[in-house]
Amino acid sequence: MTVTLHFHGAAGTVTGSCYRVVHPQGQFLVDCGLFQGNKSVRDLNLKPTPFNPKEIDFLLLTHAHIDHAGLLPKLYAEGWRGPMWMTEPTAGLLEYLLPDSAGIQESEAERETKKRNHRGDEPAKPLYTMEDASEALLHRKTCNYGEWISPGPGVRARFWNAGHIIGSASIEVEVMNGDGKPVRLMFSGDIGPDEKVFYNEPEGPSNFDYILCESTYGGREREDYTLVQRREALKTEINLALQKGGNLIIPAFAVERSQELLHDIGVLIRDKEIDPRLVVLDSPLASKVTGVYRKYAKMFEDTELTADELFNDPRFRIIEAVEDSKALNAIKGGAIIMSASGMADAGRIKHHLRNNLIRANATVLFVGYQAPGTLGQIILSGAKEVRIHGTLVPVRATIRSMGNYSAHADHSELMAWIKERLPAHGAIFLTHGEDEERTALRAALMATGIGGDQIVLPQLDDYFELTAAGIAAAKAPAARRVDLKQLPADWHNAFSDFTIRLSQRLHDLPDSDKLALMTSLQRKLSELGAAPSPTPVPTPVTPVETQAFDE
């Protein structure tokens, strides 16, 4: 029996990381993350798990981000009780991240149930519950960087610093095949950039049979910068925003991005480079995560302020209570408000965007990757109106972005990481990236002399037979869980965009032209086989709540 490698997530997408390795003595997972993005991608979370969880022996977790760990409670909801191996800081972050994710699942199910009640439909069930998250936390096992562990028969593994977030790891795995020979694999996890506050550069050994490398920023370079230059760029963005007289809203991931931003803002205030009225971190999760960062402060590098020095400034506030968060709506200018989520697709940030996007003197600053179909990506793409909580919100605020706070390596840094892991005797699998970015990284690797047949771009649910000598042909599943063409942008996004533009068009037309437009549309629908309206009278057009970020 050979070793087979299954790609159940992060194949053609940047979320839902999940790899399954089946070998003569059992099977195990590397990561089990939540799918994020447009509705077709998010619906993958609700579909049946593409394997039997009860047959999994153990799981190796690269890091605590929800797109790598967010479906762990679902496994336990389905009856799995196996151990999860991770670093100690990752275990500390999961203490808060999994219950927070479960709370979001329960609240979204509650909101969907209210909609269904109006239609007389059955209530919605959450993807998983707080109880499932609590069960998952009982099965954490921790290990140190560079320490061999034997999590199951025929398998040993080592975790290496990935430089992405606190506790993040690339995982080296040796799996015995049917011939009694080890197959050596390296799972990159998410690779961090070289220049970064808090952590050392990514590390790990070389000489593998197979390398799996993330490709989030394949083909894309950030300008070279030092931490001082990054802070200078942030200063410019903050001062430009505050000069307009409005608030600066920053959608920021609760894990690390919030802590790095707080640190740099604190240094700029200390040095009198900026002078905001108020700096708010509005996120119960980010507040708890900041406590984890305090606990592991000794692991950090390049910090100029301790957490105690930072929060001694009376202008800094961490908000947890809902009422305190709502009170921020009364602040019309001079405040820096950071809130999760970083892609603006859940959490309190949607309320702050709803209240500030309509203000021409406000600024929204994006500081991280925005997956296709998320509210953040739609705003950043230049949309004039977006739907938030069922309401159309005009975008009048200034929209800005900075790439220097990304926790991901750019193209050159990915190339350097792969080069330091070579040779790969069997193949290099490019994962955790959209097809355009993966194709760019593949072309660059081929330009270094690596054969094209050795650089594989797996699709969702593809699997491969692995040996120490080479790779067998890719095997596609009998039926895919999603139409691959729907991954970058699905019909839900297209329909919502159409209805928004139709509403805007109708608003701008005189009544006589509105009637003509609606009559023309009804004629087109009739030609397509749809039932025509009984009378050619235009009805109010309300965009349907199908936008990816509104469910």
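Scoring rules and cut-offs
- Residues numbered from 1 in each chain as written.
- Predicted model: local features only at pLDDT ≥ 70, side-chain atom pairs only at ≥ 80, totals over all residues.
- Heavy atoms only, no water.
- Pairing = 2+ DSSP bridges.
- Helix = DSSP H or I, 4+ residues; strand = E, 2+ residues; numbered from the N terminus.
- Axes fitted to C-alpha atoms, helices over the stretch in contact; angles between N-to-C directions.
- Contact = heavy atoms within 4.5 Å.
- Salt bridge = Lys/Arg side-chain N within 4 Å of Asp/Glu carboxyl O.
- Buried < 20%, exposed > 50% of the residue type's maximum accessible area, 1.4 Å probe, protein only.

J.: Describe the sheet that holds strand 15 (residues 335–339), with residues and values.
T.: As summarised here, the arrangement of the 6 strands in space is 14-13-15-12-16-19, forming an open sheet in which the pairing is parallel. Among the strands making up the open sheet, the edge pair consists of strand 14 (316–319) and strand 19 (398–401). Strand-to-strand twist across the sheet, computed as the mean angle between neighbouring axes with direction ignored, equals 20 degrees. Relative to strand 19, strand 16 (residues 363–366) is paired through 4 bridges, and the arrangement is parallel. Within the sheet, the bridge partner assigned to Leu365 lies in strand 19 and is Arg400. Sheet strands in contact with helix 7 (residues 257–270) are strand 12 (248–251), strand 13 (278–282), strand 14 and strand 15, and its direction is about 170 degrees off that of strand 13.

J.: Residue-level account of the pattern of salt bridges, with values.
T.: In the structure shown here, the tally under the stated rule is 27 salt bridges. Here Glu273 ties to Lys235 by a salt bridge, and the two come within 3.1 Å at their closest N and O atoms. Placement of Glu273 in the loop between helix 7 and strand 13 and of Lys235 in helix 6 (residues 227–243) is noted, with a sequence separation of 38 residues between them. Judged by relative accessible area, which is 34%, Glu273 ranks as partly exposed. The buried category is assigned to Lys235, whose relative accessible area is 15%. Note that Asp282 is salt-bridged to Arg348, the shortest N-O span being 2.7 Å. With Asp282 in strand 13 and Arg348 in the loop between strand 15 and helix 11 (349–356), the pair connects residues that are 66 residues apart, well separated along the chain. Comparing Asp282 with Arg348 shows no difference in burial state: the two are buried. Each member of the salt-bridge network shares a partner with another, and the members are Arg156, Arg158, Glu172, Glu174 and Arg184.

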